[in-house]
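Listed below, chain by chain, are the residues.
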Amino acid sequence: MKILFDSNVWRHIASPDHFPNDPSITSLRKIRDSILNTEIIPYISETVFTLETIERKKRKEFISKYRPGIVFTEKIDNQSTTTRSIIQSDSSKHYGNHPILAEHLNDAISIGFRIVRFPRLAGIKNPEIEKLRYKFTGDNLKNYHEKLFEVGTRIQSIGAGFEQIKILGEKYDPNWIEGIDKAPDEEWGYIANAMAEWADGDSVAISIALRCEFMCTRDIAKKSGEKSVFGETNLKLLKSEFGFETITPDKLASMLKIR
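Predicted model, so just to flag it, every value in this text is computed and none were measured.

J.: What is the right way to read the side chain of Lys 60 from this model?
T.: The topology assignment puts Lys 60 in helix H4 (residues 59-65). As a buried residue without a salt bridge, Lys 60 has its nearest oppositely charged side chain in Asp 185, at a separation of 4.2 Å. A polar atom in the side chain of Lys 60 sits 3.2 Å from the backbone oxygen of Ala 183. Those residues in contact with Lys 60 that lie beyond four places of it in its chain are Ile 180, Asp 181, Ala 183, Pro 184, Asp 185, Trp 188 and Ile 191.

This is the structure:
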């Protein structure tokens, strides 16, 4: 069974001894045992380490300053030279893992968690994750990308996920990144929430593209409301069109064979 674990669950499964007072601790330990016994193949969206790891108050500053790198290449053919420019992510701009995430990352990797990326053009990368990312092979990568962008496009079409940060930035400039830079300081809270929604939308798309049975989360869209990808209406749509379902740790544990 393939499961993508949300940011509010995976740390507690990877390092349960750090969370003895978690009300779902018995379920979390049971899930961990199922991962060790290969009953569950566990995944984490890379956005946990690229977007969510940035402190809320620093998210506006980060996006405002982030610019992808441009690499120029030259090709010489029949005595003529062609110059091409390629837009690439610049992982050196990232702050790196938040200490709280870093504390549990090794535990997660050691029991088999796979970190999976949503590859956007010049997307944000965390240099501390580059070598840890799960590597697809052959047609698996092609099929994953095709489904990923199909789902990602659909999520944006309903105004959820990545679309929210774009809309917010475009209030201030047609180039949304420039718009975030120009946005007044009092918008920082909305920008922080929009980046969290971006991370959630990409995580949902990854879960569907991986053909996971469930996305395990405790997120009930308290902050984002109905416009969130986790809003009730959007969850119904995603289930109808893609078979996507969320599940709580307690519900997942009740389905497992381990007692």
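J.: Help me out: how do you make sense of the sheet that holds strand S7 (residues 246-247) in this one?
T.: In sheet architecture, strand pairing relies on hydrogen bonds along the backbone and comes in two forms, parallel and antiparallel. One open sheet holds the five strands; their spatial order is S5-S2-S1-S6-S7, and the pairing between them is parallel. With one partner strand each, in any of the chains shown, strand S5 (114-116) and S7 form the two edges of the open sheet. Relative to strand S6 (residues 214-216), strand S1 (residues 2-5) runs parallel, the two sharing three bridges. The residue bridging Ile 3 from the neighbouring strand is Phe 214, located in S6.

J.: How should I be thinking about the pattern of salt bridges in this particular structure?
T.: With the rule as written, the count across this model stands at eleven salt bridges. The residue Glu 232 makes a salt bridge to Lys 236 at a minimum N-O spacing of 3.5 Å. Taken together, the residues Glu 232 and Lys 236, both in helix H10 (residues 232-242) and four residues apart, mark about one turn of the helix.

J.: Help me understand H10, please; the structure alone is not making it clear to me.
T.: What H10 keeps buried is the set Asn 234, Leu 238 and Phe 242. Mapping the buried residues of H10 onto a view down its axis gives an arc of 35°, with all of them on the same face. Facing away from the buried side of H10 by more than 90 degrees, the exposed set consists of Thr 233, Lys 236 and Ser 240. Where H10 is buried, its residues touch helix H6 (139-157) and helix H9 (188-209). With its phi angle positive at about 75°, Gly 243 sits one or two positions after the end of H10.

J.: Looking at this model, I keep getting lost on the packing of aromatic side chains. Mind explaining?
T.: For any pair of aromatic rings, the description consists of the separation of the ring centres together with the inter-plane angle of the planes. One pass over the structure, following the stated rule, counts nine aromatic pairs. Judged by centre distance (4.9 Å) and plane angle (65°), the ring pair of Phe 162 and Trp 198 falls under edge-to-face. Taken together, the residues span a long stretch of sequence, with Phe 162 in the loop between H6 and helix H7 (163-170) and Trp 198 in helix H9 at a distance of 36 residues. The pair Phe 162 / Trp 198 is uniform in exposure class, with both members buried. Each member of the aromatic cluster is reached from another via a ring pair, and the members are Tyr 43, Tyr 134, Phe 136 and Tyr 144.

J.: In this structure, what is going on with the environment of Glu 146? I would like to understand it.
T.: Along the chain, Glu 146 falls in helix H6. A sequence separation of 63 residues divides Glu 146 from Ala 209, and the C-alpha atoms of the two residues are 8.2 Å apart.

J.: How do you make sense of H6 when you look at a structure like this?
T.: At 3.6 residues per turn, the α-helix brings residues three or four places apart onto the same side. Helix length check: H6, at 19 residues, gives a terminal C-alpha distance of 27 Å against a target of 27 Å (1.5 Å per residue), a fit within 8%. For H6, the set of buried residues is Tyr 144, Leu 148, Val 151, Gly 152, Ile 155 and Gln 156. Around the axis of H6, the buried residues are gathered within 135° of arc, so they sit on the same side. Exposed side of H6, more than 90 degrees from the buried face: Asp 139 and Thr 153 are the residues found there. Residues of H6 that are buried in the fold lie against S5, H7, H9 and H10. Looking one or two places after H6, you find Gly 159, whose phi comes out positive at around 75°.

J.: Quick question: what am I supposed to make of the packing of H6 against H10 here?
T.: Relative placement of two packed helices is described by the angle separating their axes and the distance separating the axes. Between H6 and H10, whose axes approach to 12 Å, the crossing angle comes to 145°. The chirality of how H6 crosses H10 is right-handed. Contact residues: H6 offers Lys 147, Glu 150, Val 151, Arg 154 and Ile 155, while H10 offers Leu 237, Leu 238, Glu 241 and Phe 242.

J.: When you look at the nonpolar core in this model, what are you seeing that I'm missing?
T.: A general tendency of soluble globular proteins is for nonpolar side chains to be buried together. Residues Phe 5, Trp 10, Ile 31, Phe 49, Phe 113 and Leu 252 are the most contacted members of the largest nonpolar core, which totals 27 residues. Mapped onto this core, the elements with two or more residues apiece are S1, helix H1 (10-14), helix H2 (25-36), helix H3 (47-50), helix H5 (99-110), S6 and helix H11 (249-255). Among the elements that take part in this core, H2 stands out by supplying four residues, more than any other. Every residue in contact with Leu 252, bar those within four places of it in the chain, is listed here: Met 1, Ile 3, Phe 5, Ile 31, Ile 40, Cys 216 and Ile 247. Grouped together as the second largest cluster of nonpolar side chains are 22 residues, Tyr 43, Leu 148, Met 215 and Leu 238 included.

Rules behind the numbers
Residues numbered from 1 in each chain as written. Predicted model: local features only at pLDDT ≥ 70, side-chain atom pairs only at ≥ 80, totals over all residues. Heavy atoms only, no water. Helix = DSSP H or I, 4+ residues; strand = E, 2+ residues; numbered from the N terminus. Buried < 20%, exposed > 50% of the residue type's maximum accessible area, 1.4 Å probe, protein only. Lys, Arg positive; Asp, Glu negative; His and termini not counted. Salt bridge = Lys/Arg side-chain N within 4 Å of Asp/Glu carboxyl O. Polar contact = N/O pair within 3.5 Å; in protein donor to acceptor, adjacent residues only side chain to side chain. Contact = heavy atoms within 4.5 Å. Pairing = 2+ DSSP bridges. Arc of directions from axis to C-beta. Phe/Tyr/Trp six-rings, centres within 6.5 Å; stacked < 30°, edge-to-face > 60°. Expected span 1.5 Å × (residues − 1). Axes fitted to C-alpha atoms, helices over the stretch in contact; angles between N-to-C directions. Left-handed = near helix turned anticlockwise from the far one by under 90°. Core = buried A, V, L, I, M, F, W, Y, C linked by side-chain atoms within 4.5 Å.

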